Every structure is written in structure tokens, then in C-alpha cells.
Amino acid sequence: MAESFKYKGNKGSGGELHQKPEAQDQVMTTAQGCPVSDDQNSLKAGERGPGLIEDHVLREKLFHFDHERIPERVVHARGYGAHGYFESYGNVSDITSADLFQKKGQKTPVFTRFSTVAGNKGSPDLPRDVRGFAVKFYTNEGNWDLVGNNIPVFFIQDAIKFPDLIHSAKQEPDRGFPQAQTAHDNFWDFISLTPESMHMVMWAMSDRAIPRSLRFMEGFGVHTFKFVNDKGDEKFVKFHWKPKLGMQSVVWNEALKINGADPDFHRRDLWDAIQAGDYPEWELGVQVFDREFADKFEFDVLDATKLIPEEEVPVKLIGKMVLDRVVDNFFAETEQVAFCTQNIVPGIDFTEDPLLQGRNFSYLDTQLKRLGSPNFTHLPINAPKCPFRHLQQDGHMAMHNPKGRVNYEPNSWPRDEHNPRACPDTGFKSTAEPVSGSKLRYRSETFADHYSQAAQFYRSQTDIEQMHIQNALTFELSKVETLAIRERMVSHLLNIDKELAQTVADNLGLQEMPEAAEAAMKTNTKLKISDALSILKNAPNTFKGRKLGILATDGMDEGILNALTDALKNAGAMYEVVAPTVNGVKTDKGTHVKGDQLVNGGPSVLYDAVAIITSAEGAKKLSDIPEAKDFVMDAFAHKKYIGYTSSAMPLFEETNLKGKMDKGCIEITAANGKDFLNEAKNLRFWKRK
Ligand code: HDD
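Everything quoted here is computed from the prediction, not taken from an experiment.

Q: Quick question: what am I supposed to make of the coordination of the iron atom of the ligand here?
A: Coordination angles at a metal have ideal targets, namely 109.5 degrees for four tetrahedral donors and 90 or 180 degrees for six octahedral donors. Donation to the iron atom of the ligand from the protein comes from one atom only, Tyr363 (OH), at 1.8 Å. Its location among the elements puts Tyr363 in helix α9 (residues 354–371).

Pasting the structure below:
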């Protein structure tokens with residue numbers, strides 16, 4: 001134990017581990033700045049007597065603690081953020097005047113928050129759910145918030161349905177569960193009565209909804225926005241984030257186990273990667289198109305349940321985002337960051353997408369509730385980094401208080417930074433979209449096709465991915481207690497893909513196939529397959545940024561370990577040593593190797609591939625540890641690449657895997673550490689039965 005924390009046990013001190021500050025600037029004070037002599041014992045009348053109301057140290061400490069929590073976000077409560085920058089490629093300055101895109105190499109600071117949607121703040125990181133992907137760009141002309149998801153479409157077409165969608169997805173109101181899960185009656189009841197959600201449901205049931213890492217996800221602005229150049233010319237634009245490390249997901253059984261083994265799996269991964277200097281990067285891409293394309297495209301570009309296949313309008317890469325700094329304080333930054341879709345800058349504009357129009361109202365409103373004051377823009381994480389001047393004043397916790405007597409406009413006082421004036425030349429101008437029509441509550445006929453793109457998405461997946469969608473639907477609907485809801489969902493699946501519907505119906509044991517759901521428009525099954533929609537067709541083919549779990553015992557072959565760890569380093573990958581004691585192991589040459597995880601604290605679900613490097617005796621000992629057997633059996637079941645030394649065979653015998661070992665199980669020698677990684681960069685051995 002360090003000297004400074006020696007147990008003192010002073011009389012009357014309660015025996016805390018007490019250490020005196022060494023310098024004046026280490027002296028604790030109250031929030032009012034009064035130095036504190038003892039913050040571990042309240043003020044009492046007599047040694048065992050009642051507390052005294054004059055104890056300002058106790059009262060202030062408890063008062064502040066009692067008010068520490070703010071309302072969590074009504075959706076996207078669980079999230080994790082990091083700082084970084086956006087670097088422009090400078091190749092769209094002809095179509096947008098947005099400051100951040102003007103010059104090649106120009107850097108704009110960003111803060112990015114990833115999130116799950118349905119779960120509460122304390123829920124695990126890996127439920128089956130959409131992931132939020134919200135980026136705040138602190139540009140020279142104000143903050144631009146691109147508040148997107150990792151899925152390019154949405155459940156509903158009109159913002160007025162959002163409270164219903166979210167109510168149905170979150171815990172049911174009478175029982176208060178299930179947490180962070182859509183596998184329950186209310187969600188599927190709503191969905192099965194909302195045909196417009198079918199395209200999004202295909203995505204949510206796909207592997208996109210269980211990403212391996214936040215670093216391995218795509219992001220999308222979802223809506224169609226506008227780019228506007230200096231001359232006022234407009235183009236439509238859809239935003240995409242492409243992860244440099246490629247896309248990758250877990251399998252469902254892995255997700256269930258990761259949530260138990262490490263509920264913070266995604267946030268820890270992001271934190272660890274950034275702290276290790278392995279900064280995640282995404283390229284920002286745009287699909288740019290004009291009104292002529294929009295008019296002839298099969299679907300309405302204002303409908304957020306539709307996408308434009310990348311094969312039809314290619315994604316042009318216009319810059320990259322690098323996340324290179326973790327937060328100093330989770331609450332101040334990740335929790336208090338306030339994204340608003342209405343935060344926009346000159347050069348970018350909204351479209352009439354009815355979902356986006358509603359969002360523009362909702363986000364500002366929710367920040368007032370959550371952060372408690374219209375002055376939430378004064379918080380450092382939300383404040384622009386460019387100069388800002390306005391005549392707004394006062395309110396709770398006002399921290400930027402303008403000087404001088406001017407707080408109205410027009411005024412005749414001298415113009416200076418405290419007396420700003422709107423500028424028609426350089427200020428933000430909404431595009432002059434012609435608008436006409438009767439006031440009505442109506443859904444445009446152009447939004448009526450709910451199945452064609454759902455079918456296109458399903459058909460664009462590989463067989464494995466299709467199977468995962470079938471299994472996910474089966475799992476979710478198996479948790480639905482009401483038979484009529486299950487049947488109604490299958491009736492929608494019939495409009496998407498008959499085989500999919502049949503498989504799910506069979507898996508659920510439905511006695512009779514229901515009729516296909518009534519549809520306003522017949523499914524267009526002729527839409528071209530879009531390879532860009534599949535994860536596996538775009539496999540990254542790299543182990544960079546991935547993590548190997550090395551199950552090790554005393555007597556492990558040091559030469560093999562070194563060959564493997566060298567290869568990992570060269571590949572830009574990480575590893576952890578999982579050992580029978582957390583202190584680590586001794587190699588055959590007597591070198592001590594530090595352990596990162598205990599066998600029962602580091603299951604193989606936490607790793608992208610595993611290597612089992614043991615002595616023969618060590619392997620025998622591991623055979624008696626149930627968690628060591630799970631380590632190997634899970635890695636095998638989850639189709640991971642498994643490297644092993646010949647001495648580790650007793651563990652494979654004990655787990656009955658010996659006879660089943662396939663080309664995804666690779667013997668490692670001191671000479672072939674690199675070869676193993678070369679195979680492991682395929683990330684999973686999908687051929688395994
Ligand atoms: Fe939303 C948060 C993304 C539709 C209302 N939304 C929120 C966050 C993300 C999204 C990433 C978390 C931001 C953060 O990290 O703080 N939301 C989307 C996307 C949508 C979408 C991609 C569809 C394209 N949202 C949507 C609608 C409404 C809202 C239609 C309401 C009409 N969303 C909210 C909200 C939240 C929010 C209630 C909760 C917390 C917050 O805003 O700051 O206002």
C-alpha cells in the first residue's frame with residue numbers, strides 16, 4: 001500500500017485513510033470556496049450526538065448530490081461520445097458554400113455521440129437496436145449537427161408518429177419491462193399495424209443492428225437535404241459515413257453473451273482504441289442529385305423510409321472524420337451535448353421531408369427539458385467555437401452576458417460586437433422553395449409503396465445474412481405472446497419475400513399461413529439487387545483494429561507467442577492474454593507474461609478471433625475449467641478463427657471439437673503467426689456448419 005494511504009485510525013476521525021494536502025491548491029473547499037477541514041464526519045452535538053443544522057459542509061454536499069441527475073434522453077439515452085476533427089477533401093465547393101467544405105485539408109472540430117435508441121441510460125451496449133450516429137461540426141459559421149443513425153431509412157414517414165413508435169419500443173407502461181428490447185408485444189403490435197415500417201424492420205432485423213464495434217458501423221443522415229452554392233444553385237444531397245476499418249457485426253448469440261460479460265463493450269472499445277492511439281476514422285460521402293433525378297426516381301426522395309441505392313447515385317467521398325480524443329468528463333460532454341437537427345449552416349438546407357420538419361421542432365424542445373434552461377448553448381460542449389453575437393439574454397444559468405445597454409433591434413447606438421446586426425449578404429438564407437396547397441392532414445400518394453425496397457434489401461443480402469434476418473424475426477416474434485400479432489407480421493413478410501415468410505412461419509410453428517397483408521401498392525420485385533446494402537459483400541478483409549484473445553497457460557511456447565504478437569502489431573491489431581490467474585503466466589523460457597483477463601472474466605465473445613497457446617499440462621488443467629471450455633466452444637460456434645498450438649489439443653478433445661476442426665482452426669507455429677492472421681482477417685469462417 002502506498003505510504004500516503006496508510007491507515008491512521010486517529011481518535012475521532014472514524015479511522016479513514018487520511019492524507020493531508022501537501023500544497024494550498026490541493027485543499028478541498030466547498031462550492032463557495034470555503035476551505036474544508038473534514039469532509040468525512042458530519043458536525044454533531046457530542047461524540048454520538050444528533051447532527052447540527054448549521055453543518056454547511058454536510059448540507060451542501062448532500063444538496064448537490066441529490067440534484068446530480070438530469071432527465072435522461074427520452075430516446076438514445078445510452079450513448080458514448082468522443083472528440084475529433086473533420087478534414088475536407090475540398091471537392092464540393094462548387095455545389096455547397098458550407099464553410100467546412102471549401103478547402104482541401106481544412107479541419108473542423110467535431111464531437112460525435114453514438115447511441116442505442118430504446119434502452120435506458122444504464123442498459124447494455126449490445127441489444128438488437130438501431131445505433132445513433134450524431135456529429136456536431138463546430139464550423140466557422142456556426143454549429144452543424146448531422147443527427148443520423150447507422151441505418152439509412154426510418155420506421156415512419158411523419159414525425160407525428162414518433163411518440164407512438166417510441167412508446168411501443170420502450171418498456172411496456174404497466175410492467176416496466178422489457179428493457180432495451182423490441183422483442184415484445186407492444187413493439188410488434190405497432191409495427192404490424194404500420195406497413196411503412198417494413199423496410200426499416202428488415203434493416204433492424206439484419207446484422208446492422210448488432211455491430212461489433214461503434215468503429216465498424218456506417219452512418220447515414222437519412223433524410224434528403226440540400227446543398228446550396230454561392231450562386232444559390234441547389235442540389236439534393238444524402239449523407240453517408242463510411243468506416244475506414246470496414247463494417248462488422250456480431251452474431252446474435254454472441255450479443256446476448258457480451259451483454260452479460262461486458263455491458264460496456266462498445267464504449268470500452270471506443271475508449272480503448274482512442275487511448276491506444278488507434279483513432280477511428282470515417283469518410284463522409286454524399287449522394288448528390290438534382291430535381292430531374294428526384295422526379296424520375298421510383299420513390300419520393302422526401303420519404304425517409306426509402307433510400308437511393310448507391311449503384312444508382314454513387315457516393316462521392318468529400319472528407320474524413322477522425323476521433324482522436326476521449327472526453328475529460330462524461331457528464332459535461334457526452335451527457336450534456338445537445339444535438340438539434342435544426343442546427344444548420346449556410347450552404348446546407350432542409351427539404352420538406354415531414355419527418356425532418358417535425359424533428360426540427362422536437363430536438364430544441366427536448367434540450368430545454370433535459371438541460372433545464374434555454375442557455376444550454378452556453379455549455380462548452382454546445383457553444384459554437386466561432387464568434388457569436390446576438391441579443392438573447394438572461395434565463396437560468398446565463399454565463400455569456402452581453403455588455404452595454406443594447407438588447408433590442410432596431411437601435412441607433414454605435415455598431416460593435418455588442419451591437420450586432422443581421423447581414424442579408426452573408427447570413428443564412430432558406431432556399432426559396434415554392435410552396436402552395438390546401439391546409440390538410442394527408443400522406444402523399446408518392447409515399448405509398450411500403451414493400452418494394454424492403455424486398456430489395458432482403459434480396460441484396462448473402463444467404464448467411466438472410467438467415468440471420470429469418471432468425472432475428474423468429475426470435476423477436478417468439479417473445480410476442482399474442483398470436484394475432486405474430487400472424488399479422490407474417491402477413492407483411494409475404495409481401496416482402498414468400499420464402500422468408502414461410503421460414504419464419506415454420507420457425508414459429510404457425511398452423512396456417514395467413515393471407516398477405518393488404519397493400520396500397522403491389523411489391524415491385526424487379527428492383528435491382530444492391531450489393532452496397534450487404535455487410536458481407538463488402539467485407540473489410542483486414543484484422544486492423546480487431547482484437548485477438550490469447551488463452552494462455554504456464555509453459556506456453558514463447559517463440560510462438562512472440563511470432564503472433566509481432567504479426568498482430570504489424571497488422572495494427574490488438575490482443576489480450578486470458579490466463580488462469582490474472583497475474584499472468586510464465587512461458588517455457590521462464591518469461592512472465594502479464595494477464596489481461598481471468599479465464600472466467602474474458603470469454604471468447606469479447607474477441608474477433610482467438611488463439612490457444614498452452615503447454616500440454618496447461619491444456620489439461622484448462623479442461624477442468626468450464627469457462628475455458630466455453631471459451632473454445634463459443635469461439636467455434638460463433639465461427640471465429642481459432643489458432644492453436646499442438647499442445648493445446650487436450651482442450652479440443654475435452655470439448656468434443658477435435659473431430660470437427662476445419663480450415664478455420666489453424667495450428668500456429670513460430671513460423672506462421674502471420675499466416676494465421678492472414679486467414680483471420682476474413683473475420684469469420686462462415687463455411688463452418
Ligand atoms: Fe431522433 C435523439 C437520430 C427521428 C426526436 N435522434 C436522437 C439522437 C439521434 C437521433 C442519433 C441522439 C442524439 C444524441 O446523441 O444526443 N432521430 C434520429 C434519426 C431519425 C430520428 C436518424 C430519423 C431519421 N427523432 C426522430 C423524430 C423525432 C425525434 C421523428 C421527433 C419528432 N430524437 C428525438 C428527440 C431526441 C432524439 C426526442 C432525444 C434526445 C435528444 O433528442 O436530444 O428529440
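After that view of the structure, there is still more to cover.
Q: Before we go on, may I ask you to explain the UniProt feature "domain: Catalase core" (unreviewed entry) in the protein in this structure?
A: In the numbering used here, UniProt assigns the feature "domain: Catalase core" (unreviewed entry) to residues 29–417. A helix fraction of 22% and a strand fraction of 19% characterise residues 29–417, whose end C-alpha atoms lie 37 Å from each other.

Q: When you look at the pairing of strand β3 (residues 131–139) in this model, what are you seeing that I'm missing?
A: Looking down a regular strand, the side chains alternate between one sheet face and the other. With nine of its nine residues buried, β3 lies for the most part within the structure. A two-sided burial pattern is seen for β3, the buried positions comprising Arg131, Phe133, Val135, Phe137 and Thr139 on one face and Gly132, Ala134, Lys136 and Tyr138 on the other. Here strand β2 (residues 107–116) runs beside β3; their pairing, made up of seven bridges, is antiparallel. Residue pairing for β3: Thr116 is matched across the bridge by Arg131. Judged from the eight bridges that link them, β3 and strand β4 (residues 142–149) form a sheet pairing that is antiparallel. The residue of β4 that forms the bridge with Tyr138 is Asn143.

Q: Whenever I open this one, the sheet that holds strand β12 (residues 574–579) confuses me. Can you help?
A: Hydrogen bonding along the main chain pairs the strands of a sheet, whether they run parallel or antiparallel. The six strands are arranged β15-β12-β11-β16-β17-β18 in an open sheet whose pairing can be described as parallel. Each having just a single partner strand, β15 (597–598) and β18 (665–667) make up the two edges of the open sheet. Across two bridges, the pairing between β12 and β15 is parallel. Across the sheet, the residue bridging to Val578 is Gln597, located in β15. Strand contacts of helix α14 (residues 558–571): β11 (547–552), β12 and β16 (609–613), with the helix running at about 170° to β11, the strand carrying the most contacts.

Q: Can you help me understand the site of the ligand in this one?
A: Not every one of the 22 residues close to the ligand is listed here, only the nearest: Arg73, Arg113, Arg359, Tyr363 and Gln367. In this structure, a nitrogen atom belonging to the ligand sits 3.4 Å away from a side-chain N or O atom of His76. A distance of 3.2 Å is found between a nitrogen atom of the ligand and a side-chain nitrogen or oxygen belonging to Arg359. Among the elements of the structure, β3, β4 and α9 are those that each provide at least two residues to the shell around the ligand. For the shell around the ligand, the element with the highest residue contribution is α9, accounting for six residues. In terms of residue class, the shell around the ligand is built from eleven nonpolar, eight polar and three charged.

Q: Would you mind going over the pattern of salt bridges with me for this structure?
A: Where charged atoms of side chains with opposite charge meet at close range, the side chains can pair. Under the criterion given, the structure shown has 38 salt bridges. One salt bridge in this structure joins Glu218 and Arg208, with 2.8 Å as the shortest N-O distance. Of this pair, Glu218 sits in the loop between α4 (198–204) and β5 (219–220) while Arg208 sits in the loop between α4 and β5; the two residues are ten residues apart in sequence, bridging distant segments of the chain. The class for Glu218 is buried, based on a relative accessible area of 6%. The class of Arg208 is buried, set by a relative accessible area of 5%.

Q: For this particular structure, what's the right way to read helix α16 (residues 626–637)?
A: What sets the pattern is the α-helix's 3.6 residues per turn: residues three or four places apart point alike. An ideal rise of 1.5 Å per residue puts 16 Å on twelve residues; α16 measures up with 16 Å between its terminal C-alpha atoms. Here α16 has its buried residues at Ala628, Phe631, Val632, Asp634, Ala635 and Phe636. Taken from the residues just after α16, Lys639 is the one with a positive phi, measuring 60°.

Q: Would you take a moment to explain the side chain of Thr30 for this structure?
A: Structurally, the position occupied by Thr30 is in the segment before α1 (56–66). With residues up to four places along the chain from it excluded, the contact list for Thr30 reads Val36, His56, Val57 and Glu60.

Q: What exactly am I supposed to notice about the packing of helix α10 (residues 452–459) against helix α11 (residues 463–478) here?
A: Two measures define how a pair of helices packs: the angle their axes make with one another and the distance between the axes. Running from N to C, α10 and α11 cross one another at 125°; their axes reach a closest spacing of 9 Å. The angle between α10 and α11 places the two elements in the oblique class. Facing Phe457, Tyr458 and Arg459 of α10, the residues of α11 in contact are Gln466, Ile469 and Gln470. Taken together, the residues of the contact of α10 with α11 sort by class into three nonpolar, two polar and one charged.

Q: Before we go on, may I ask you to explain the packing of aromatic side chains in this structure?
A: Enumeration over the complete set of coordinates arrives at 27 aromatic pairs. Arranged with centres 5.7 Å apart and planes meeting at 55°, the rings of Phe225 and Phe239 form a pair that is tilted. With a gap of 14 residues between them, Phe225 in strand β6 (residues 225–228) and Phe239 in strand β7 (residues 234–243) connect regions that are remote in the sequence. Across the pair, exposure class does not vary: Phe225 and Phe239 are buried alike. With a centroid separation of 5.5 Å and 35° between ring planes, the pair formed by Phe236 and Phe289 is classed as tilted. With a gap of 53 residues between them, Phe236 in strand β7 and Phe289 in strand β8 (residues 281–289) connect regions that are remote in the sequence. The pair Phe236 / Phe289 is uniform in exposure class, with both members buried. Connected via pairs of aromatic rings, a cluster forms that spans Phe86, Phe101, Phe114, Phe133, Phe137, Trp144, Phe225, Phe227, Phe239, Trp241 and Trp282. Lying over the aromatic face of Tyr85, Lys107 brings its terminal NZ or CZ to 4.4 Å of the ring centre. One residue, Arg688, lies across the ring of Phe636, its end atom 4.3 Å from the ring centre.

Cut-off values and rules
Note on numbering: residues in each chain are counted from 1, in written sequence order. Under the rules for a predicted model, residues below a pLDDT of 70 receive no local features and side-chain atom pairs below 80 are neither given nor counted, while totals for whole chains, interfaces and linings still include all residues. With hydrogens and water set aside, each side-chain value is computed from the structure's full complement of heavy atoms. The rule for donors is simple: N, O or S, within 2.8 Å of the metal, or within 3.2 Å if the metal is Na, K or Ca. Water isn't counted, so a site may look like it is missing partners. Secondary structure follows DSSP: runs of H or I at least 4 residues long count as helices, runs of E at least 2 residues long count as strands, and numbering of each begins at the N terminus. UniProt positions are given in the numbering used here, feature names are shortened, and annotations may be inferred rather than shown by experiment. Throughout this description, buried means an accessible area under 20% of the type-specific maximum (1.4 Å probe, protein chains only), exposed means over 50%, and partly exposed covers the range between. Pairing between two strands requires that DSSP report at least two bridges joining them. Any two residues whose heavy atoms approach within 4.5 Å are treated as being in contact. In this analysis an axis means a line fitted to C-alpha atoms, helices contributing only their contacting stretch, and an angle means the value between N-to-C directions, from 0 to 180 degrees. If a single non-hydrogen atom of a residue is within 4 Å of a molecule or strand, that residue counts as near it. Two N or O atoms form a polar contact when they lie within 3.5 Å of each other; inside protein one atom must be a possible hydrogen donor and the other a possible acceptor, and for residues adjacent in sequence the pair counts only when both atoms belong to side chains. Basically, the charged four are Asp, Glu, Lys and Arg, the nonpolar ten are Ala, Val, Leu, Ile, Met, Phe, Trp, Tyr, Cys and Pro, and anything else, Gly included, counts as polar. For this analysis, a salt bridge means a side-chain nitrogen from Lys or Arg found within 4 Å of a carboxyl oxygen belonging to Asp or Glu. Here the expected length of a helix is defined as 1.5 Å per residue gap, with one fewer gap than residues. If an angle is under 35 degrees, it is roughly parallel; if it is over 145, roughly antiparallel; if it lies from 65 to 115, roughly perpendicular; otherwise it is oblique. Side-chain rings of Phe, Tyr and Trp, where Trp is taken by its six-membered ring, are said to pair if the distance between their centres is within 6.5 Å; with planes under 30 degrees apart they count as stacked, over 60 as edge-to-face, and otherwise as tilted. Comment: the charge-over-ring label is applied if NZ (Lys) or CZ (Arg) is within 6 Å of the ring centre and within 35 degrees of the ring normal.

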